[in-house]
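Commentary on secondary and tertiary structure
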Amino acid sequence: MLEQIKKTLTDFDTEILELNSSDELETIRIKYLGRKGILSQLFDDFRKLTGNDKPIIGKTLNQAKIDITNKFNQVFEKFKSGTKASDFYIDLSLPGRKSLVGSKHIITQTLDEVKNIFKGLGFSIYEGPELESDYNNFEALNFPDDHPARDMQDTFFVSEKFLMRTHTSPVQIRLMKEKKPPLRAIMPGKVYRNEALSAKSYCLFHQVEGLLVDTDVTFAELKGTLVSFAQQLYGKDVKYRFRASFFPFTEPSAEVDIWWEQQGKEGRWLEILGCGMVDPNVLLNVGIDPEKYIGYAFGMGVERMALLKYGIDDIRLLFDNDIRFLKQFISV
Amino acid sequence: MKISLNWLKEYIDLSDITTEEISDKLTAAGLEIEEIIDQRKVFQNFVVGYVKEKQQHPNADKLSLCKVTDGQNIYNVICGAPNVDAGQKIPLAKIGATIPENNFKISKAKIRGEVSEGMICSERELGISDNHAGIMVLNENVKVGNSLSDELGLDDVIFDINVTPNRSDALSHIGIARDLSAIFNKPLKIPEIKLKESERDINELASVEILNSHDCPRYFAKVVTDVKIKESPEWLKKKLFNIGLRPINNIVDITNFVLYETGQPLHAFDLDLLTDKKIIVRNEKSKIKFTTLDNKEREIIITDLMICDGKRPVAIAGVMGGQNSEVTNNTKNVLIESAHFNSSAIRKTSKRLGLSTDASYRFERTVDPNIPPYAAERAAQLMIELADGKVVKGLIDIYPEKIQPKKVSLRFNRVTRILGFEIPKESVLLILKNLQFSILKSDDSKIEVQIPTFRPDIEREIDLIEEIVRIYGYDRIPPVQKISITLEERIYQDTFNDRLRDILVSLGFFEIFSNSMQKEENANKFGKAINVLNPKSYEMASIRTSLIPGMLMTIKKNLNVQEKNLRFFEIGQIFNRGKDGEIKDFSDFIEESKLLLGITGKATESEWYEKDRQFDFYDLKESVEQTFEFLFQGVQFVDLYHKEGNNFFEYYFEREFKGNKVGIGGKIRQDVLEYFNITQDVFVFDVNLDILKQIQLSNKRYNELLKYPKVVRDFALIIDKKIDNSDVMKFIFKNSINILKNIKLFDIFESVSLGKDVKSLAYQLEFWDNEKTLTEEEVDKYFWDIIEKTKNEFNAKLRGE
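Cut-offs applied
Residues numbered from 1 in each chain as written. Chains lettered and ligands numbered in written order. Predicted model: local features only at pLDDT ≥ 70, side-chain atom pairs only at ≥ 80, totals over all residues. Heavy atoms only, no water. Helix = DSSP H or I, 4+ residues; strand = E, 2+ residues; numbered from the N terminus. Rg over C-alpha atoms; globule rule 2.2 N^0.38 Å. Buried < 20%, exposed > 50% of the residue type's maximum accessible area, 1.4 Å probe, protein only. Contact = heavy atoms within 4.5 Å. Areas by Shrake-Rupley, 256 points an atom, 1.4 Å probe, with all protein chains shown as cover. Lys, Arg positive; Asp, Glu negative; His and termini not counted. Charge placed at Lys NZ, Arg CZ, Asp CG, Glu CD. Salt bridge = Lys/Arg side-chain N within 4 Å of Asp/Glu carboxyl O. Pairing = 2+ DSSP bridges. Axes fitted to C-alpha atoms, helices over the stretch in contact; angles between N-to-C directions. Domains from an automatic or database assignment.

With respect to the overall build of chain B
For chain B, the helix and strand inventory stands at 23 helices and 43 strands. The C-alpha atoms of chain B give 41 Å as radius of gyration, which overshoots the globular expectation for 801 residues (28 Å, by more than 25%). Viewed in the frame of its principal axes, chain B has a C-alpha envelope of about 130 × 80 × 60 Å. Here chain B holds 801 residues, and the buried ones make up 52% of them. Contacts in chain B between residues at least 24 apart in sequence constitute 68% of all its contacts with a sequence separation of at least 6. Surface summary for chain B: the accessible area is close to 38200 Å², and the carbon and sulfur share equals 47%. A distance of 1 Å separates the average location of the 113 positive side-chain charges in chain B from that of its 126 negative side-chain charges.

Section: the pattern of salt bridges
Tallying each qualifying case throughout the model produces 78 salt bridges over all chains. We note a salt bridge from lysine 104 of chain A to aspartate 112 of chain A, for which the minimum N-O separation is 3.3 Å. Given a relative accessible area of 16%, lysine 104 of chain A falls into the buried group. Linking lysine 277 of chain B and aspartate 272 of chain B is a salt bridge whose minimum nitrogen-to-oxygen distance equals 3.6 Å. Here lysine 277 of chain B falls in the partly exposed class, since its relative accessible area comes to 30%. Several salt bridges converge on common partners, so that one network encompasses Lys104, Asp112 and Lys115 of chain A together with Asp494, Asp498, Arg501, Asp502 and Glu511 of chain B.

Observations concerning the sheet that holds strand S5 (residues 204–214) of chain A
Residue and element names in this part refer to chain A. A sheet is described by the order of its strands in space; here seven strands give the open sequence S1-S4-S5-S9-S8-S7-S6, paired in mixed fashion. A strand with exactly one partner marks an edge of an open sheet, and here the two such strands are strand S1 (124–125) and strand S6 (240–247). Seen against the sheet, helix H5 (residues 106–120) touches S1, strand S4 (183–192), S5 and strand S9 (294–301) and runs at an angle of roughly 165 degrees to S4.

Overview of the sheet that holds strand S1 (residues 2–4) of chain B
All names here are of chain B. Pairing is antiparallel across the open sheet formed by three strands, whose spatial order is S1-S12-S2. Both outer strands of the open sheet, S1 and strand S2 (32–38), are each paired with one neighbouring strand and no more. Looking at each pair of strands side by side, their axes are set apart by 25 degrees on average, direction ignored. Summarising the sheet, S1 and strand S12 (residues 157–162) pair through three bridges and their orientation is antiparallel. Residue pairing in the sheet places isoleucine 3 in a bridge with phenylalanine 159 of S12.

Details of the domain arrangement of chain A
The domain architecture assigned to chain A consists of domain 1 (2–87) and domain 2 (106–329). Taken over C-alpha atoms, the centre of domain 1 of chain A sits 69 Å from the centre of domain 2 of chain A.

Encoded structure:
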């Protein structure tokens, strides 16, 4: 019976290619697809079968019916528009049928790069709320009340004791309160600064902070970790420098610059992150003994990295979400 | 803060060190140099020129055509200043020069038809004073053709230093020189003071009383009589101008000079304007108005510390002096205030008044409480030298509780443990000594260090460790290129959102980040907004209560640039008030994690194989269903349909999981779109990720593949138009036996030939049995049975019947 089906298909193919008029087309339809046509007979025969190969035959027969129907319809359409089947011409240069494409925002893509590097270094990833208490955002992090250090970060206050977090450091506080050392984690997330919008600054941005607390942590190790990070992100030969700085929650503190050269422009040092050894006051605030445990922490801004990487000179472009901009980053 | 290299050199020998080296080392030690202004470079193309001829410009009344020589060539220069004349020696900016005042680059230009090959500059244009009355006419004895920087001594280098808030000690030239002394191991030279005092005793001329010693722990005063108010000498004016200060008169300039030399803010009162020649440091008993010397009236409240005379306030302590007692051209006798104020008190006043001055900036960072005598005497000495004043004998020093230096111990092994690197003991000791810390005790393992009172930031061992390493150099610590990993559990709290992003991108959505800070009006439209206490603009006065306004604004912005076919998603936090009143606790508000999908415009554009088509509700639904399928294949969600709409949606549906709403969305109402000025349909779906994340997926098990053939049957019902597909499907499933495994709607059709108020719904049913092959007869029996029941239930007809 399989032979019969195969022959039917071949016969159909030959006949349909040779036909010349729509009358002949109707003849073919009746012959193959009609109520008493060849396929219908084949189905009648099939129902009477009993052998083991019945399922296979059934499947083949079904497929044959589909194929013949499809081809017939195609030719039928062509005839309607006055083309003969023998005029079939395949234009392979037609564009492929489109499916939808989308993209992750470059902030996400840049963040992913950073996260992947630190995942590889054995860091966990924690998140925390954006509307935070003054305690978690400042006090626990050794920002004295009424100290100019608070001016470093213009803050959106929503009440005397609550604010939009100015950095992801409060997640460090939450983590250290919740879990005991050893701790090794990065905390990505949105942070807010009460600043007027300009090409250089936006009222929110994304930060990745890292924290490691263990018994034998040193500044040299912090340096090693961050150098490795910079090399993975900016290439093995990246030129970097660590310089002293000030953050209330680390002591000693440093900032890391890399040497940045753009074609046609003079090279310059660019700050990429801040870091330091967790201030003993911070450890005390979360109930960790600073004589026993030492920690290091670091933080970086994601937007800044994205701007640098793609040569974008206005941070507001990242938040305008112009589709013409977003479409440029389908692949990066 | 601007620091002059020439000025620094008065306190430390830097002759063998390059500017670059100074800049690099200061930066490395935590005093970040943000900009270097090298005057020699600034004045590279400026020379002394000589005006040989001056003629009227033929086409402009106010311009002159000058022939100017630099000794070699003659240039045509057009000048607009009325005071220019032949025979003058003038500062000439040649082609290639950049004017310091405005960064204008000089090139050959035609001005009203005449060529100009340079510019004759005023002092203001050169950036060396505020004088813009006319061009600067140079001294007779300068040599034509010489560089301007040589002839005018414009050879300074100005560093703009970003001083971190902990380093109040570094807010002066001596402070910076002290760090350089430690960095380069060179001695620091502090100017010595030898005061020749007059016979009169200070106590006859003035008295001081402190009524609030908490906010004013010390008040030191000197009196200088018979001063002559005049312009300061060139060297002083230049020093001040170079660091960005405007010279005023010799007395005021001296106080500013000492401030930038020592870091101690001073104030000079006209002693004769102080009632009863008295200073009383106190607070007001009620709100008052007070006019500061910038001629602005300010409101003073009872917590503001005031400097008063016998009857009225004369200065806002540590912030700014008053107009009623300032030094004027008529001043004869001066009281120099050199006081110590509580940092927090000054900060509160300065912040409240929005008035930050050189003085308040330093006081709020804490000034050395033991520097006032030196600073006052230094100023007194300069008043003798530059104002012909006489310093009266003695001093007034109200300092009830002397602030003593702190003592801190340092363990050498702790330094090594923190840094992971050993700094030699000798280096440690030398660095501390050069920073003017004294070693009180020492043994092999530790030292006791006395901290000078100008370093309030050093309180603990760890602070000393930072001092040592910042001077020693972070770059000398080798990075340890290994990482020891404790093998505890790794937790990735971001996994869910990452997966969600991947899914949405694969479904053709573009990710957006919109601003969480919004207009109060927008935030309140979609929830109970939390407002910012201190907004910088009304556009950012509230926190978003929903992702919808951000989405609609984004769509609007894209429509403005003719981008009309959009598929966006945003993942972000939203914030709603839990109750009215002040937020005092986390329970007073709700922060939720949300996903929002938004689609508008065309779903497909015209292509060679298909026609274009607008997005509609079913595109939105499909995206939602696909997303959920990717996340939770096999999990049952219940959809509730609302044709009647609500405040935001014309019609919408909600998706539930075990009675919890996980999402809501549909077609945005016309009035909402109008509010955002959007003129095309928008569909959004809003998903609560906090709930979604909690849905546990049971462990995936493999299902055995089907061994027996499926039997497929189609039928079409002609049915009342108002009956929902979902009701028909539900009925069929409920009333069939278990060999019916799948049912699919494959066609909907309405036409006049069918009849009024009816539609045709065509279904395909799939039957199979996991245990055996179904016979056609068996299936047909069930099939016709289902059709009969369905027809009866919905009063429908079978199509073709």
